[in-house]
Amino acid sequence: MGSKLKPGGVRRHLKEKVVQMYEDLFHGTDPCINNPRFWEDLFLLKPKMSALEGEISRCTSDQLLGLKENINTLFAKCVQVLSHEHHIRVVNALLTLCSLVRGLYRKMQGDYGFDFINILIGFDAAEEQMQMLLYHCSNFLTGEYCDSLKSLSLKFLLVLATGTDNISQNTVLEYLTINCNFDAVIQLLSHSSTRNQHGPEAVLYLMLMVNYRKHEMTNPYTVNLSLLDDELILNGYGQVITASLADFNHKYSAHFMEPQGSGWFASLTSMVGSMFLSEEMATRNEHIKANDSFLLALYEAVHLNRNFITALTTATDPSTPPSPANTLDRGITPPIPDSPDAPNPSPTVEMEASVQPTNLLVTFLEYCSIVMQDTKTEESLNNVKLCFVIITCIAEDQYCNLLLHDANLVFTVPLHRLPMRHRKVIPEKTAHARPLACAVLDVMVEFMMSHMMKKLPIELFHQNVNIIHRLLCYQKRNSVRLPYNWKDLWAALIALAKFLVTNEAYLAKKMNIFQLAHQVMNIFNLFITYGDTFLSTPSSYDELYYEIMRMHQVFENMYSMSLRYSRTDGDYKESAQKLTNCLGNVRSIINHFTPKLDKWSQEHGISTLTEEQVLEVVRNNYDSLTLKLHDSLDQYEKYAEKPQHANFFANMVRSILSDTRQGIDFGAFENLSILQELSNSA
């Protein structure tokens, strides 16, 4: 019997019919010549996305130009099928569109010489075809269609939005601004069912579109987001962000509650992301980067929409039944250890907080306290910077400040502290609810105390001190007496001042430490000049003077340092002169009270005074103290994204685009249950 094998013993490879049809399409001739039912049959078959994208990748730019007519026809036929009554055909058409667009985008990355829109759609038909395509996508999102079709529509929109590394160079998005689908996408957030299914992708898409040529044109997505006033939708938008951040927080808390080693080595290795200790550093960074898109979505909402401030602080109680206003996609409480033998740890502040009412701002501040523990990698540094930009916008808003300082709007905020060799982290036993401004200050103080290092993240310190300054300005202008332990803040500011002076020789070669020191002293001058109008108790003002006197050597050394640099011609001369001038009041206090304290010591024969004795001397000698009134202590430059932060956000969006492009997964549409769902819905 003759062998059925071809020469060489290789059996002829059988190709799937849909793959053969792709090959026919890319041969350049009309595929209907040999198969009049080509287009009818194509959308009855499940697309082989990798095969279609492979056909595109194998073509040169010139070959794609030669195939323009067939590719334009394929695109038009896909759009035409979207109006078909059978949903299986519709899904196959959408998957084909995703594959076609993604394949051409990938080809475009290596060769910008050919025109993407002309090859994909054709210039003459582009406007009409895109209008019809986006109409169908919006219809699928808002109509009574199955979840699979809604999900695929969103994935297709994300494929369009993430095609290029620089979103503003993606000319296809011009059609998405002409045929704006903001309302169709945002409506998904108004109902718990659609929000839980599609909320993350909807928020991601809107965030990306807001960043399309945001400084070059009137972007309808930016305008619509800034004017959005539907409370239900705004709460839904916030809850999508809350779900992502809370998931990260709970993983960290679950690991934190596990039995840990003791000693300096355990403290040294227990960094942010310690729940991923068994994984590589790159994986840990991925967990942090995964939240960049949601943080950027939070930033855009806070920055653009004043109505969103209410959603920031809207309380949700984990114990209440789900409702459209307070349903989260993921659970609220930290995971419970599976093993029955797992030890039952003593209640920590995290567990106590989990049964308290919470909100987006509480979750966000807890997230900040975790991610800011490690700023050694570029990913984590950028993440923390974005967090601080968001808090800056919050601290500048008058209405938000009103909510932050409202004595009747109190929450328990579970904050995490970085274990270090010189201190042990002891969970608070009795965490109590306070105004949210207290938690913001706690986060800023903790950052200050845990990041004084030779490789000083000075930009983050500038942001940190500026946030504190904005909160104090609000308190001073409105005579708000926040129930806060101000000693913690003063101790952190003095510790920072001491660190700058001690490491001046090293740091001054790399950065302008005088500007940061000037910001620190401005805060002290604000307390000294106006503290009696906003400090929580009369004794707090006395305690401020006590701290200044107790740490007087730090201020004296800072004055000597600034005087030295201000008398030499160097890069920091002007900044050093400003620092010298703003140290005047602190030095007046030191020079005024030092002889008074010495005299009191001699009269009473006591060499070392107690805190109460110093406070008594301070209270009895205010009248003869002369201070200088500094101008504009409660003024600051308003936050502006452009030009200072424009590059930062452009790079952040570029990174998110890349991660999203790689993360779009169509694997779910290989599932037979999807076909069943589509059949039922049809």
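Residues numbered from 1 in each chain as written. Predicted model: local features only at pLDDT ≥ 70, side-chain atom pairs only at ≥ 80, totals over all residues. Heavy atoms only, no water.

Looking at an unreviewed UniProt entry, one finds the protein chain named Armadillo-like helical domain-containing protein and attributed to Cherax quadricarinatus. We quote the UniProt Subcellular location (unreviewed entry) comment for the protein chain here in full: "Membrane". (UniProt positions renumbered as here; feature names shortened; annotations may be inferred.)

Asker: So what's going on with the overall build of the protein chain? Which residues, and what values?
Answerer: A count of helical and extended segments in the protein chain gives 34 helices and 2 strands. Looking at the 682 residues of the protein chain, the share that counts as buried comes to 54%. Taking all contacts inside the protein chain whose residues are at least 6 apart in sequence as the whole, residues at least 24 apart take part in 78%. In the structure as shown, the protein chain presents an accessible area of about 31,300 Å², 50% of it carried by carbon and sulfur atoms. (Helix = DSSP H or I, 4+ residues; strand = E, 2+ residues; numbered from the N terminus. Buried < 20%, exposed > 50% of the residue type's maximum accessible area, 1.4 Å probe, protein only. Contact = heavy atoms within 4.5 Å. Areas by Shrake-Rupley, 256 points an atom, 1.4 Å probe, with all protein chains shown as cover.)

Asker: Could you give me a rundown of the layout of surface pockets, with the residues and numbers involved?
Answerer: Volume-wise, the largest pocket comes out at about 920 Å³. Lining the largest pocket are 33 residues; nearest its centre among them are Asn466, Arg470, Gln515, Gln519 and Glu637. Elements that contribute at least two residues to the lining of the largest pocket include exactly helix 21 (378–396), helix 24 (458–478), helix 27 (513–534) and helix 30 (573–582). Among the elements that take part in the lining of the largest pocket, helix 24 stands out by supplying 7 residues, more than any other. (1 Å grid on protein atoms, 1.4 Å probe; cavity = no way out; pocket = protein on both sides within 12 Å on 5 of 7 lines; lining within 4 Å. Points joined across faces, edges and corners; volume = space filled by probe spheres on them.)

Asker: How would you sum up the environment of Lys155? Please name residues and give values.
Answerer: Assignment of secondary structure puts Lys155 in helix 9 (residues 147–161). Using a relative accessible area of 11% as the deciding quantity, one classes Lys155 as buried. Sequence spacing of Lys155 and Tyr205 is 50 residues, and the spatial spacing of their C-alpha atoms is 9.1 Å. Leave out the neighbours within four places in its chain, and Lys155 touches Glu201, Ile664, Asp665, Phe666 and Phe669. Polar side-chain contacts of Lys155 include one of 3.0 Å to the side chain of Glu201. (Polar contact = N/O pair within 3.5 Å; in protein donor to acceptor, adjacent residues only side chain to side chain.)

Asker: Which residues make up the packing of aromatic side chains, and what are the values?
Answerer: Counting across every chain of the model gives 23 aromatic pairs. Here Phe38 and Trp39 contribute two aromatic rings whose centre-to-centre distance is 4.9 Å and whose plane-to-plane angle is 90°, an arrangement assigned as edge-to-face. When the centroid spacing of 4.7 Å and the interplanar angle of 55° are considered together, the rings of Phe514 and Tyr565 count as tilted. In this pair, Phe514 sits in helix 27 while Tyr565 sits in helix 29 (residues 552–566), placing the two residues 51 residues apart along the sequence. (Phe/Tyr/Trp six-rings, centres within 6.5 Å; stacked < 30°, edge-to-face > 60°.)

Asker: Give a description of helix 27 that names residues and reports values.
Answerer: Ile528 marks the point of greatest bend in helix 27, at about 55°. Where helix 27 starts, the residue carrying a side-chain oxygen 3.1 Å from the main-chain nitrogen of Phe514 turns out to be Asn512. (Bend = angle between axes of the 7 residues up to and from the residue.)

Asker: Lay out the environment of Phe669 with the relevant residues and their values.
Answerer: Its location among the elements puts Phe669 in the loop between helix 33 (646–663) and helix 34 (672–681). The class for Phe669 is buried, based on a relative accessible area of 8%.

Asker: Outline the packing of helix 20 (residues 360–371) against helix 23 (residues 436–450), listing residues and values.
Answerer: Relative to each other, helix 20 and helix 23 sit at 10°, their axes nearing to 10 Å. Here helix 23 runs roughly parallel to helix 20, going by the angle between their axes. For the element pair helix 20 and helix 23, the recorded crossing hand is left-handed. For the pair helix 20 and helix 23, the contacting residues are Leu361, Val362, Leu365 and Cys368 in the first and Leu436, Ala439, Val440 and Val443 in the second. Partitioned by chemical class, the residues of the contact of helix 20 with helix 23 number 8 nonpolar, no polar and no charged. (Axes fitted to C-alpha atoms, helices over the stretch in contact; angles between N-to-C directions. Parallel < 35°, antiparallel > 145°, perpendicular 65-115°, else oblique. Left-handed = near helix turned anticlockwise from the far one by under 90°. Nonpolar A, V, L, I, M, F, W, Y, C, P; charged D, E, K, R; others polar.)

Asker: Can you tell me about the state of the cysteines, naming the residues and giving the values?
Answerer: Across all of its chains, the model carries 0 disulfides by this definition. Cys98 takes part in no disulfide bond, and the closest cysteine sulfur, belonging to Cys137, lies 8.6 Å away. (Disulfide = S-S within 2.5 Å.)

Asker: Got a sec to walk through unusual backbone geometry? Specific residues and values, please.
Answerer: Residue Pro643 is bonded to the preceding Lys642 through a cis peptide linkage, with omega at 10°. Residue position: Pro643 is located in the loop between helix 32 (611–619) and helix 33. For Ser632, which is not glycine, the phi torsion reads 60° and is therefore positive. By secondary structure assignment, the location of Ser632 is in the loop between helix 32 and helix 33.

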